[in-house]
Amino acid sequence: GRTMLLSLLHIGLAAPCRTRPPTMQASGLEAERNKATARRGVMERSFLQPGTALVALEQKRAANPIGFGAKAAAAQVKKKKKTRTKGSRARPLSALATELKASGVVRIDGALSPALVEELREFVDAERVQATADVKAGRCDQKARFADLVLLDKRCDLLLPLHGPPIAALQELLGEGSVLGPLLQEVVGEAGVLQELACLTSEPGSAQQPLHPDTPWTPIPSAYTAFIALQDVDVEMGPTLYLPGTQTKEAHTSFFGGDLSLGNAGVSGVRRPPIPEEFLRSREVKLGLLKAGDLALYNQQTLHCGSANESRDKVRRQFYISMKNPLAQSKLCASLRPAFRNKLTLGAMKDELAALNGRRTRVDEGGGRGLFGKLDEVDALEVRDTEGAVQIRFGDEGSQLGSEYEII
């Protein structure tokens, strides 16, 4: 009855769905939960404005991005902090950082080159096939290759390795001459931690998600995510929907029916009925109608959701990275392979990308494969054959460690 429906809505909107339950009874409960979640998403969308495309501000690529030579930059920042007088002012924010602070989301065009977009898209599709086979055969745990998300049916959140096209993508996104790199430097600093490196795929028939923040409201934003389109995105394909300006305490309070504490109940919060109809009707709506290689960077406190993919045969792929603010207090989920978690700061990544100098692999003075390569070798230890041996697979020049290790 009504009580059961409310209970299902409560459960279903705690977001993101975790690993699929092993029993038939649990699977049935999950199916009902997903139906309730989907109904909530459809109802919310009916109260929202149709929306217009998120557009990019006029932007210039930095010749010398803030944060390059991360160690030297850190020393300079610390020195300036020590010598700053009472009347001195902090460095003013860039136009993009100012817009991000005000609206919670910005667009950057041409963040990835067309050739790399195509290569990365093919890589992701092949990696998904391989990861699915590895999990199905018991060679690695599902949580080491796939993340969980709201309304998983016809969606896939694939955790990516640190070799091949993902390295080239990080170079274009964060390396010298990029727009995103300096912007992230402004909002999380060089001590910001890589929280996510993955690709979200939305297939035809995927349902409208309910609105949610990825993290609850806190005075200091916890993290920022960049969604990069791996193909042109049109309305039929279910673009990400953003409500600009909803990263604030006031917006979260209204969204959660006057009780801000509900936003702390889960990673994406719990929205109990009734739906905040007037609040939703009053909000501006922006759609991530991106061209291949464009990105949307958003504060994870900003309300957003994946729209329904109503196309006949168009798959929407979003490569994404997230950076955690080192000052954040919130507990965050990480769409990141376990071997990489809490191992990569923005400063360290920029230093490694500078050392790679456009290459995808390198050998350091000690004969190792550099920071990314070493972490990728640890990640490869997650994959085992049915005999118990570890299968080492790399997409470039291979491992310095050989092709197999015996488990002792």
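Keep in mind the model is a prediction, meaning the values are calculated, not measured. (Residues numbered from 1 in each chain as written. Predicted model: local features only at pLDDT ≥ 70, side-chain atom pairs only at ≥ 80, totals over all residues. Heavy atoms only, no water.)

Draft legend 1. Fine view of the packing of aromatic side chains. Across all of its chains, the model carries five aromatic pairs by this definition. Measuring from ring centre to ring centre gives 5.1 Å for Phe 255 and Phe 256, while their planes differ by 75°; the resulting arrangement is edge-to-face. Phe 255 sits in the buried class, given a relative accessible area of 2%. Here the aromatic rings of Phe 255 and Phe 279 are separated by 6.4 Å at their centres, their planes lie at 55°, and the arrangement is tilted. Here Phe 279 lies in helix α9 (residues 277-281) and Phe 255 lies in helix α8 (residues 249-255), a separation of 24 residues in the sequence. (Phe/Tyr/Trp six-rings, centres within 6.5 Å; stacked < 30°, edge-to-face > 60°. Buried < 20%, exposed > 50% of the residue type's maximum accessible area, 1.4 Å probe, protein only. Helix = DSSP H or I, 4+ residues; strand = E, 2+ residues; numbered from the N terminus.)

Draft legend 2. Representation of the sheet that holds strand β3 (residues 155-159). If you trace the six strands from one edge of the open sheet to the other, you get β2-β8-β5-β10-β4-β3, paired in antiparallel fashion. Of all the strands in the sheet, the pair left with one neighbour each is β2 (105-108) and β3. Pairs of neighbouring strands in the sheet enclose a mean axial angle of 20°, with direction left out of account. Pairing of strand β4 (residues 193-202) with strand β10 (residues 316-324), which is carried by nine bridges, proceeds in the antiparallel orientation. Note that in β10 the partner of Ala 198 across the bridge is Tyr 320. The strands touched by helix α5 (residues 114-136) are β3, β4, β5 (223-229) and β10; relative to β3, the strand with the most contacts, the crossing angle is about 95°. (Pairing = 2+ DSSP bridges. Axes fitted to C-alpha atoms, helices over the stretch in contact; angles between N-to-C directions. Contact = heavy atoms within 4.5 Å.)

Draft legend 3. Broad picture of helix α10 (residues 346-356). Considered for burial, the residues of α10 that qualify are Leu 346, Gly 347, Met 349, Lys 350, Glu 352, Leu 353 and Leu 356. Backbone geometry just downstream of α10 places Asn 357 in the positive-phi region, at approximately 55°.

Draft legend 4. Main features of the pairing of β3. β3 sits mainly inside the fold: five of its five residues count as buried. Taking every second residue as pointing to the same face, both faces of β3 are buried, with Arg 155, Asp 157 and Leu 159 on one and Cys 156 and Leu 158 on the other. In the sheet, β3 pairs with β4 via five bridges, with the strands oriented antiparallel. Residue pairing in the sheet places Asp 157 in a bridge with Leu 200 of β4.

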